[in-house]
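Below are the chains, spelled out letter by letter.
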Amino acid sequence: MSLLFRTHLSLACASIRENRTRSFLTCLGIAIGIASIILILSLTGSISHLISREIKDVGANLIVVRPSSTKDAVTSLVGELTGTNSYQTSNLSLSDIQALSQVPGVTAVAPISLSAHTITDENNTIASATILGTTPDFTAINPLTLRYGSFISNDNKSNSVVIGHMLSLLLFNTSNPVGRTLTFQGQRFIVIGVLEEIKDYINFNNIDYDHALIMDLEALAAITGDPQIQQINVRTATTGHLATIAGDIKSVITTNHSGDTNFTVSYGDAITHPASNLLNIISGILAIVAGISLVVGGIGVMNIMLVSVAERTHEIGIRKSVGASSHAILLQFMLEALILSMFGGFMGVVLGYILAFLFSIITPFTPYISWQILLVTFLTSIVVGIIFGTYPALKAASKNPIESLKHYR
Amino acid sequence: MLILSLPPKQPLIIMNEDIIKLTHLTKRYGYGDTESFALKDFNLTIKRGEFIMIMGPSGCGKTTLLNIIGLLDRATSGEYLLNGESVANISARRQARLRAKKIGFIFQNFNLIEDLPILENVALPLVYVGYPRTVRLKSASNALSRFHLQEKEYYHPSQLSGGQQQRAAIARAIVADPEIILADEPTGNLDSRASSIVMEELKAIHAEGNTIIMVTHNPALTTYATRVINMLDGSIATDIKTVSDQNLPKSSTSKSKKRKKSPKTTKSAKTRRKK
């Protein structure tokens, strides 16, 4: 049996070599599908890698409270895609923050309230700048490097703001606007700090710091009314009792919300999970496209195998007449399809990583390679080969030897 | 000294002198209005060592008969005993194995695989018997040298003349040392010189004790045969034996000698067990 297998392996290789161009094009079909899978897996892998590294940097003693989505999945998906729902409705409130800081073991509480508003200075107007409402505690949890000035503190929080590097350039045409004022909803604020330019756009808070204006949440609430709080970051004194403190936080907020549990409390790796809904959606759609191209590639394999079977009908007749069983013929053509798809898979892995590296040049991603990804693609190409090789091989095996012998090219 | 490296022929489980026995064999094509019979109530017993020529007009069922004997086709009704065993009871897989080991086919149009060199073409039955590559190629090379084609081993069929191709095809038919050689007009596509060479080779193979069944249109070739059968409309018209059964060549002596010389006794024991 293993002998027949080896013979057929060399036979299949010979037949593939003989039709080099054809085989290469067939492999290319598979390769494109596999390459897109590699690209997606390597990019999503890189992102979650980045975020878990960031959390490691921030510290393990972090607990995150997020509101649960009140909308169903489809509505929020449409919202994400059309951009109308970037800042979802929240049920966390200012009083929750007050309550949380009373929980034993909690050292710092920083809410994140993202909204978009028009801000102006004497010359420029930014139509929808990202406004991050938080507390001076924010840097205690998420250390931000300031290029100029200082972060908001409890002393000056009512009329001071810190702005991102890009926003500073856009608004003031300078990288150092410390001391200048800007107008936001008719109120004037002093810029007391500018953030260092940030290279990693991906973070668990889902904030583009470079374009953000950071101010105190209470000051924000005074202007815009009740702000939407998308997330509350909580730092604990030690890493030891995260679970108990998370439990305490949960009960405190539940009491505050008079029994509603429409929020989630997460810590550790679970924080990374909803890093970016949009990113998940995009990679999901890409995965579907990759799957489709893989199916198309598989159909290409099937097509070529059917051509091969038709071309070699005479050969099949000869083989059967000198003693090949249907089983042996099946094995021969099955192996040929498998080699095609596996070679395509190999090409796809190489192509996928080349693409991922090219992609990493223009984006902050770094391609992420793991044996799981390689295993997944390897298995996928085998499965494709089996699925799309079976029908042609069965067709070859079921050929009548007498009819086949009469068949000429 | 043919096929030295091959394991010897295994002794049969039943040493049956009647190697092929066909009784009331019928092969029908089509149904109803399109119904036609290639074979009609066909009866034939073939003894070990016979060289049978089957003659008859086109469409009288000669090729169908060969295909049924060679296990490529099945009769619609009737019984076919091969070495005393009813073919109807043999699984498709074992039938394929029997084709590889016990039956050698020779065709009018040679039927060599164009993509493979002559050597690999000749070695083809051994692939399905299950020998390792080196043994296969060595046996094929030996078989080819018997037919004076050893210099052409790595040629492709299209590079050989018709006579050479047919000799290669005969080498393929005997490479697995079968008991029955089925030849369907082996000289049909050859000129007289090439065909006489081919017939001499078949005669030599027959002299070693093989059973040969050959279909031909050429009456001049019947001199080689021990028995000439004329067919008409799917049944036997005349059946003449030119050599009595006692005088048929015996295979046992020459083959047992060969067996002693074979170094691969362990291998042969293994294959015997498999059978």
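> Give me the overall build of chain B: which residues, what numbers.
Helix and strand counts for chain B come out as 8 helices and 10 strands. The 275 residues of chain B split such that 45% are buried. If you take every contact in chain B between residues at least 6 apart in sequence, the share linking residues at least 24 apart comes to 75%.

> Explain the packing of helix H1 (residues 2–18) of chain A against helix H11 (residues 326–362) of chain A to me, using residue names and the numbers behind them.
Working note: a packed helix pair is described by the angle between its axes plus the distance between those axes. Residues and elements named next belong to chain A. One way to put it is that H1 packs onto H11 with a least axis distance of 9 Å and a crossing angle of 55°. With respect to each other, H1 and H11 are oriented oblique. Judged by the twist between their axes, the crossing of H1 over H11 is right-handed. For the pair H1 and H11, the contacting residues are Leu4, Phe5, His8, Leu9, Leu11, Ala12, Cys13, Ser15 and Ile16 in the first and Ala328, Leu331, Gln332, Leu335, Glu336, Ile339 and Leu340 in the second. Considering only residue class, the contact of H1 with H11 consists of 12 nonpolar, 3 polar and 1 charged.

> Explain helix H10 (residues 313–321) of chain A residue by residue, including any values.
All names here are of chain A. Burial runs high along H10: 8 of the 9 residues are buried. Within the sequence span of H10, burial applies to Thr313, Glu315, Ile316, Gly317, Ile318, Arg319, Lys320 and Ser321. Phi turns positive, to about 120°, at Gly323, one or two residues after H10.

> How would you summarise the sheet that holds strand E4 (residues 77–82) of chain B if you had to cite specific residues and measurements?
Residues and elements named next belong to chain B. Spatial ordering of the open sheet is given by E2-E1-E4-E5, a layout of 4 strands whose pairing is antiparallel. Each edge of the sheet is formed by a strand with only one pairing partner; in this case those strands are strand E2 (36–47) and strand E5 (85–86). Looking at chain direction, E4 and E5 are connected through 2 bridges and run antiparallel. Residue Leu82 lies in a different strand from E5, and its bridge partner there is Glu85.

> Requested: an account of the interface of chain B and chain A, with residues and values cited.
Interfaces are frequently sized by the accessible area removed from exposure as the parts join. Residue-level contacts link 21 residues of chain B with 18 residues of chain A. Secondary-structure elements contributing two or more residues to the side of chain B that touches chain A are helix H2 (92–101) and helix H3 (118–129) of chain B. If you tally residues by element for the side of chain B that touches chain A, the top one is H2 of chain B, at 6 residues. Split into classes, the residues belonging to the side of chain B that touches chain A amount to 12 nonpolar, 3 polar and 6 charged.

> Before we move on, could you go through the nonpolar core and cite the residues and values that matter?
Ranked by internal contacts, the top residues of the largest apolar core, which has 123 residues, are Ile52, Ile54, Val122, Leu144, Ala171 and Ile213 of chain B. Counting residues per element, this core draws most heavily on helix H2 (residues 20–58) of chain A, at 15 residues. Ignoring sequence-local partners within four residues, the contact set of Val122 of chain B consists of Ala140, Ala143, Leu144, Ala168, Ala171, Arg172 and Val175 of chain B. Formed by 49 residues, the second largest nonpolar core is a distinct cluster that contains Val65, Ile207, Ile232 and Ala246 of chain A.

> Tell me about unusual backbone geometry, and please be specific about residues and values.
All names here are of chain B. The backbone phi angle of His24 is positive, close to 50°, even though this residue is not glycine. Along the chain, His24 falls in strand E1 (residues 18–29). Phi is positive for Glu185, close to 45°, though the residue is something other than glycine. Summarising the element assignment, Glu185 is placed in the loop between strand E7 (180–184) and helix H6 (192–207).

Rules used throughout
Residues numbered from 1 in each chain as written. Chains lettered and ligands numbered in written order. Predicted model: local features only at pLDDT ≥ 70, side-chain atom pairs only at ≥ 80, totals over all residues. Helix = DSSP H or I, 4+ residues; strand = E, 2+ residues; numbered from the N terminus. Buried ≥ 20, exposed ≤ 12 C-beta atoms within 10 Å, placed from the backbone. Contact = placed C-beta atoms within 7 Å. Axes fitted to C-alpha atoms, helices over the stretch in contact; angles between N-to-C directions. Parallel < 35°, antiparallel > 145°, perpendicular 65-115°, else oblique. Left-handed = near helix turned anticlockwise from the far one by under 90°. Nonpolar A, V, L, I, M, F, W, Y, C, P; charged D, E, K, R; others polar. Pairing = 2+ DSSP bridges. Core = buried A, V, L, I, M, F, W, Y, C linked by C-beta atoms within 7 Å.

Honestly, that's just the spatial picture; any functional story needs more than this.
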